[in-house]
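Here is how the chains run, residue by residue.
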Amino acid sequence: TAPAYRDDVKQFQALAVVKQPVDVMWVTVRDRMPELGAMVEDVESITLVERTDVGEGRVRLVNEWQAAQRIPELLAKPLNVSTVGWVDTAEWDTATMVCTWSIQPFVFPDHIDCRGTTTYEAAMGGRGTRVTFQGSFDLAPGALGGLAKPLERPVGAFVESIISTMIPKNTRKIIEAAAAQLTTEA
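Residues numbered from 1 in each chain as written. Predicted model: local features only at pLDDT ≥ 70, side-chain atom pairs only at ≥ 80, totals over all residues. Heavy atoms only, no water.

**Some points on the environment of Ala16**
Step number 1: Along the polypeptide, Ala16 turns up in strand β1 (residues 10-18).
Step number 2: In the structure, Ala16 is positioned 157 residues away from Lys173 in sequence and 8.6 Å away in space, judged by C-alpha atoms.
Step number 3: Setting aside chain neighbours within four positions, we find Ala16 in contact with Thr129, Arg130, Val131, Arg172 and Ile175. (Helix = DSSP H or I, 4+ residues; strand = E, 2+ residues; numbered from the N terminus. Contact = heavy atoms within 4.5 Å.)

Here's what the structure looks like:
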């Protein structure tokens with residue numbers, strides 16, 4: 001079931017179409033995420049924290065992402081964090097080829113609701129895969145209230161940029177890295 005969002009929630013999406021069969025892409029991205037992250041320049045690391053088989057072709061994965069980007073010095077001290085990162089909790093449902101996920105960023109984790117789906121579909125007459133990544137981002141009202149007033153706008157813009165731009169871009173790059181790796185291995 002979809003969560004109830006406010007009207008001002010930011011929506012984002014990314015699309016990738018690659019020349020690899022959908023079933024192979026599905027398993028490769030799901031099972032090799034840390035390895036694939038190492039192939040993406042904006043990603044410092046992806047660490048598998050937990051993997052649980054929840055039955056009926058569903059797997060729950062928890063991955064911690066560390067981005068190569070650093071938080072600007074002006075913002076790092078008030079935020080009490082210097083690296084850009086997030087914890088990605090995802091349920092991969094093989095029956096529907098849909099991965100339902102939520103992201104908890106390192107900054108304001110209790111004040112940000114970020115969730116969505118990644119859908120894998122056959123493309124190119126079954127020889128390719130279309131991956132649609134879509135989600136939403138909601139920063140709770142007053143979440144930045146503990147910051148000095150002049151920092152509220154830049155911090156809000158920075159957090160929104162990470163979630164609505166960096167995360168979809170890196171997801172698309174992970175998909176492309178998986179396709180490239182599969183081509184190399186073939």
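**Overview of the nonpolar core**
Step number 1: Core analysis: the biggest nonpolar cluster contains 45 residues, and Val29, Trp86, Trp92 and Tyr120 have the highest contact counts within it.
Step number 2: When residues in this core are grouped by element, the largest group, 12 residues, is from helix α4 (residues 149-185).
Step number 3: When residues no more than four places from it in sequence are discounted, the contact partners of Trp86 are Asn63, Glu64, Trp65, Ala67, Ile103, Gln104, Pro105, Phe106, Ile162, Met166, Ile167 and Asn170. (Core = buried A, V, L, I, M, F, W, Y, C linked by side-chain atoms within 4.5 Å. Buried < 20%, exposed > 50% of the residue type's maximum accessible area, 1.4 Å probe, protein only.)

**Regarding the confidence of the model for the protein**
Any segment with low pLDDT has predicted coordinates that should not be analysed in fine detail.
Step number 1: Summarising the model, the protein shows a mean pLDDT of 86, and 83% of its residues fall at 70 or more.
Step number 2: When pLDDT is averaged over each element of the protein, helix α1 (residues 22-31) comes out on top at 97 and helix α3 (residues 73-79) at the bottom at 66.
Step number 3: For the stretch residues 1-6, pLDDT sits under 50, and the model shows 8 contacts to residues farther than four places along the chain or on other chains. (pLDDT = per-residue confidence, 0-100.)

**A look at the packing of aromatic side chains**
Step number 1: Summed over the entire model, instances satisfying the criterion amount to 7 aromatic pairs.
Step number 2: For the pair Trp26 and Trp92, a centre-to-centre distance of 5.0 Å together with 70° between the ring planes defines the contact as edge-to-face. Residue Trp26 is found in helix α1, and its partner Trp92 is found in strand β4 (residues 83-93); the two are separated by 66 residues along the sequence. Taken as a pair, Trp26 and Trp92 share a single burial class, namely buried.
Step number 3: Note on Trp65 and Trp86: the rings are 5.4 Å apart at their centroids and 20° apart in plane angle, and the pair reads as stacked. With Trp65 in strand β3 (residues 58-70) and Trp86 in strand β4, the pair connects residues that are 21 residues apart, well separated along the chain. (Phe/Tyr/Trp six-rings, centres within 6.5 Å; stacked < 30°, edge-to-face > 60°.)

**With respect to the pattern of salt bridges**
Proximity of charged atoms lets side chains of opposite charge pair with each other.
Step number 1: Using the criterion set out here, one finds 12 salt bridges in the structure.
Step number 2: With its nearest N and O atoms 2.5 Å apart, the salt bridge here joins Glu185 to Arg32. Taken together, the residues span a long stretch of sequence, with Glu185 in helix α4 and Arg32 in the loop between α1 and α2 (33-37) at a distance of 153 residues.
Step number 3: The partner of Glu50 in a salt bridge is Arg60, with the nearest N and O atoms 2.5 Å apart. Placement of Glu50 in strand β2 (residues 43-55) and of Arg60 in strand β3 is noted, with a sequence separation of 10 residues between them.
Step number 4: For Arg60, a relative accessible area of 28% corresponds to the partly exposed category.
Step number 5: Salt bridges linked by common partners bring Glu41, Asp42, Lys169 and Lys173 together as one network. (Salt bridge = Lys/Arg side-chain N within 4 Å of Asp/Glu carboxyl O.)

**A word on the pairing of strand β5 (residues 98-105)**
Step number 1: As paired strands, β4 and β5 are joined by 8 bridges and run antiparallel to one another. Counted as the bridge partner of Glu91 is Thr100 from β5.
Step number 2: The antiparallel hairpin formed by β4 and β5 contains 4 residues in its connecting segment, where Met97 sits at a positive phi of about 60°.
Step number 3: In the sheet, β5 pairs with strand β6 (residues 112-123) via 6 bridges, with the strands oriented antiparallel. Paired with Trp101 across the two strands is Gly116, which belongs to β6.
Step number 4: What sits between β5 and β6 in their antiparallel hairpin is a turn of 6 residues, with Phe108 showing a positive phi close to 50°. (Pairing = 2+ DSSP bridges.)

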